[in-house]
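Structure at a glance
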Amino acid sequence: MRKSSFFKIGDIQIVVLLFLLVGLFLLMSFLTRGKLLEFQSLQAVAFQLPLLGLLTLAQMGPMVSGGIDLSIIATANLVSIIMALSMTRFFPSLHAPFAILLGLLLALLLGVVKGFFVALVSVPAIIATLGLMIFIRGVSLVITRGYVIAGFPVDFLFIGNGTVLGIPTSFLVFAAFTIFMYILFSRTRFGLELYLFGSNPVATLFSGVDNRKVVFRTYLLSSFLAGVASCVMASRFNAAQADYGESYLLLTVLACVLGGVSPSGGSGRVMGIVISVAILQVVATGFNLLGFSSHLASALWGTILLGVVLLNRLFLGKN
Amino acid sequence: MKFQIRRQTELYLLAIVVALSMFLTAMNPKFLTLENLFDLLRNNSFLGIVTLGELVVLISGGIDVSFTATATVAQYVMGVLISRTMVNSVLLAFLIPVPIGLALGAINGCLVYYTRVNPVIITISTLNFYYGVLMFVSKGTWIYKFPPAFREFAKLKLFTLMSSKGIPFGISIFTLSWVILGIITFFLLKYLPIGRKIYAVGGNLEAARRAGFNIFRIQLFVYCYIGLLAGVGGFVHAELNQMIQPNAIVGMELDVIAAAILGGASVFGGVGTVWGTFLGVLLIAIIKNGLILMKASAYWHEVIMGSIIVLAASISAYQRKLQIRKEKGRFAEEQLF
């Protein structure tokens, strides 16, 4: 890993992203005639951002390792369904904290399964998580028969819809996990090994790192974060279903790349992810206020991603 | 060495297909009737045709997830034109989606070559772009007003038999086009210079570059090829369903990739055959058909499909591991990632 140049590139990217965020924010404020700057709109951004943010953090680890996790949305949905069943049918007397604990345990279990196939059997991540995505979604469908499970207790709904001092609770959850990920990725041995592995697995192995352990933990972490996202998602929608939020899958990959994670692994910072998620959310909320179709937003996301990729290529040279 | 692995994958696959067919026939004698088999081949011809394109891209070491959007855009433009003008010619209708597919594929090819970014990312972006623009312009409206010739064409068969209940059946024109495209792809990969080059680039891009291959031309070719087949697939899909819904095809990308991978193509490039891909599509089709015949709840389909993909990928990863261990020793195996 070219450490010095890596940090330089990272810094330039963050500055570019910040400019892009501010520029788009001003543009959207101008186009909506200041409507975006109203308290309600800003709060809407803060309510909607955490879900995409947490899912993107879940996608980040696998992408830094040079892999990808296509099963995060399926994982989040299955976890929501189990939490929903726990609260509405199995253990209604045990309240939300127990359901959340159960959900997060399930997320970790799914992480073990993913880690097993990717790290120990060495199935390419894209194929293993593709198969598991279909499998997990199938399990959700078998459990729910395609129906929506709705009607959660008030204390659970607080996560997605409540506010603390005017700040959405889900935003605080996202902020907490952003700090957690920042520390984990830039201050711990695991983070260092993950970046090393992503940029050169063979060199990492020769320097005495247990590659399998690193990869296994990466998918465990990713599933855990998908589980956290699931709490926010179920609580926000006040419902759980087998195929909620499928459009978020490609969006998390997009947000990671936009935020500076190289698809071939080894780079990307939590800071970049947060800014890129904010960019996508400002565009989405702005378009919503302008009354544009969400499909136009998705076309624009595709264009933004291509633009960033091309700019990286032009200004930062060959990979 | 690669040759041997490939052969093995296909033999396993053939054995699984035969065993599964026998099992399903035992469960429900309806399975192994010509009527059911012809139906199965007809209904999966769209899947079969686009999987051939994905195979070629995978062999070149790339991957394409945007072909579903390409097929949708191609069939939608065709639908709008033929339902507005009602020109009663299938040939003219067919000539609309094909160049559209080719053009969108060419854009992918150029982007993949010039950005040097993982094709998954490029094609995710173009998927979002093509599909987003289409949905924005079309507002998701369905089209089901076609000229009579377009409707009649869907009933065309190679030959016609009568079932015991007096219902005519036979090999559909779409099954035939799938087989013909399969043969073309086979010749292209096996006997034309471009085919050898595609395997070479997928096996080792840097080596191919240093050997003087024009990487741009090869990558442009493979993405144009899948774009072209997506255009043809868009036409076939519209014919099979006799309506065009903008959201009918998008979302199938992973099924297609799964079929190609099941058929022995590798995500690392350089490996894959038309014959294996055909078996991969057939396996998926048989499983879905069998589950329907066994009256299993549709919700179990995905559980079973997912398990099969993970199992197939695990077996192929394990084989690769054994192979490397045999060739280079245990330490090399640790570097698999």
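Note that this is a predicted model, so its numbers are computed, not measured.

**Section: the overall build of chain B**
- Check the secondary structure of chain B and you find 16 helices and two strands.
- Over its C-alpha trace chain B gives a radius of gyration of 21 Å, about what one expects of a compact globule, namely 20 Å for 337 residues.
- Each of the three principal axes of chain B carries a C-alpha extent, and together these read 65 × 50 × 35 Å.
- Taking the contacts inside chain B whose residues are at least 6 apart along the sequence as the reference set, 76% of them involve residues at least 24 apart.

**Section: helix α5 (residues 125–144) of chain A**
Residue and element names in this part refer to chain A.
- The terminal C-alpha atoms of α5, which comprises 20 residues, lie 28 Å apart, in line with the 28 Å expected from a rise of 1.5 Å per residue.
- When you tally the buried positions in α5, you get 16 out of 20 residues, the bulk of the element.
- Just downstream of α5 lies Arg145, where phi reads positive at about 55 degrees.

**Topic: helix α7 (residues 169–187) of chain A**
- An ideal rise of 1.5 Å per residue puts 27 Å on 19 residues; α7 of chain A measures up with 27 Å between its terminal C-alpha atoms.
- Of all the residues in α7 of chain A, the buried ones are Thr169, Ser170, Phe174, Phe177, Thr178, Met181, Leu184 and Phe185 of chain A.

**Some points on unusual backbone geometry**
- The backbone phi angle of Arg33 of chain A is positive, close to 50 degrees, even though this residue is not glycine.
- Tracing the backbone through its elements, the reader meets Arg33 of chain A in the loop between α1 (3–31) and α2 (39–64).
- Look at Gln242 of chain B: it is not a glycine, yet its phi comes out positive at around 55 degrees.
- Among the secondary structure elements, Gln242 of chain B is positioned in the loop between α12 (215–241) and α13 (253–262).
- Take Gln242 of chain B: its relative accessible area is 22%, and that puts it in the partly exposed class.

**Some thoughts on the packing of helix α3 (residues 45–59) of chain B against helix α9 (residues 173–191) of chain B**
Residue and element names in this part refer to chain B.
- Relative orientation of the contacting elements α3 and α9 amounts to 15 degrees, with a least axis distance of 8 Å. Taken together, the axes of α3 and α9 are roughly parallel relative to one another. Handedness of the α3/α9 crossing: left-handed. Within the contact between the two elements, α3 uses Ser45, Gly48, Ile49, Leu52, Leu55, Val56 and Ile59 and α9 uses Phe174, Thr175, Ser177, Trp178, Leu181, Gly182, Thr185 and Leu189.
- Partitioning the contact of α3 with α9 into residue classes produces nine nonpolar, six polar and no charged.

**Let's talk about the confidence of the model for chain B**
- Across chain B, the average pLDDT comes to 86, with 95% of residues at 70 or higher.
- The ipTM for the predicted assembly is 0.78, set against a pTM of 0.82.

**Observations regarding the side chain of Ser223 of chain A**
- Within the fold, Ser223 of chain A resides in helix α10 (residues 211–237).
- Excluding residues that lie within four positions of it along the chain, Ser223 of chain A makes contacts with Thr75, Ala107, Leu110, Gly111 and Lys114 of chain A.

**Describing the packing of helix α6 (residues 154–161) of chain A against α10 of chain A**
All names here are of chain A.
- The geometry of α6 relative to α10 is characterised by a closest axis approach of 7 Å and an angle of 105 degrees between their N-to-C directions. As judged from the angle between their axes, α6 and α10 are roughly perpendicular. Seen from α6, the contacting residues are Phe156, Leu157, Phe158, Ile159, Gly160 and Asn161; seen from α10, they are Cys231, Val232, Ala234, Ser235 and Arg236.
- Partitioned by chemical class, the residues of the contact of α6 with α10 number seven nonpolar, three polar and one charged.

**Let's talk about the nonpolar core**
- Met60 and Phe185 of chain A together with Met78 of chain B are the most contacted members of the largest nonpolar core, which totals 205 residues.
- When residues of this core are assigned to their parent elements, the largest contribution, 13 residues, is made by α12 of chain B.
- Ignoring sequence-local partners within four residues, the contact set of Phe185 of chain A consists of Met60, Gly61, Val64, Phe190, Gly191, Leu192, Leu194, Tyr195, Leu221 and Val270 of chain A.

**Focus on the interface of chain A and chain B**
- If you look at the interface, chain A gives 51 residues, while chain B gives 45 residues.
- Note that Arg137 of chain A is salt-bridged to Glu302 of chain B, the shortest N-O span being 2.7 Å.
- At the junction of chain A with chain B, the criterion picks out two residue pairs in polar contact (both at pLDDT 80 or more).
- Going through the elements one at a time, α4 (95–120), α5, α9 (201–206), α10, α11 (248–258) and α13 (294–316) of chain A are the ones with two or more residues in the side of chain A that touches chain B.
- Ranked by residues supplied to the side of chain A that touches chain B, first place goes to α5 of chain A with 14 residues.

**Regarding a nonpolar patch on the surface**
Residue and element names in this part refer to chain A.
- On the surface, Phe158, Val164, Leu165, Ile167 and Leu172 cluster together to form a nonpolar patch covering roughly 470 Å² of accessible area.
- You can see Leu165 is positioned in the loop between β2 (163–164) and β3 (167–168).
- The class of Leu165 is exposed, set by a relative accessible area of 85%.

Here is what the cut-offs are and how they apply
Residues numbered from 1 in each chain as written. Chains lettered and ligands numbered in written order. Predicted model: local features only at pLDDT ≥ 70, side-chain atom pairs only at ≥ 80, totals over all residues. Heavy atoms only, no water. Helix = DSSP H or I, 4+ residues; strand = E, 2+ residues; numbered from the N terminus. Rg over C-alpha atoms; globule rule 2.2 N^0.38 Å. Contact = heavy atoms within 4.5 Å. Expected span 1.5 Å × (residues − 1). Buried < 20%, exposed > 50% of the residue type's maximum accessible area, 1.4 Å probe, protein only. Axes fitted to C-alpha atoms, helices over the stretch in contact; angles between N-to-C directions. Parallel < 35°, antiparallel > 145°, perpendicular 65-115°, else oblique. Left-handed = near helix turned anticlockwise from the far one by under 90°. Nonpolar A, V, L, I, M, F, W, Y, C, P; charged D, E, K, R; others polar. pLDDT = per-residue confidence, 0-100. Core = buried A, V, L, I, M, F, W, Y, C linked by side-chain atoms within 4.5 Å. Salt bridge = Lys/Arg side-chain N within 4 Å of Asp/Glu carboxyl O. Polar contact = N/O pair within 3.5 Å; in protein donor to acceptor, adjacent residues only side chain to side chain. Patch = residues over 30% accessible without salt bridge, like charges linked within 9 Å, V, L, I, M, F, W, Y side chains within 5 Å. Areas by Shrake-Rupley, 256 points an atom, 1.4 Å probe, with all protein chains shown as cover.

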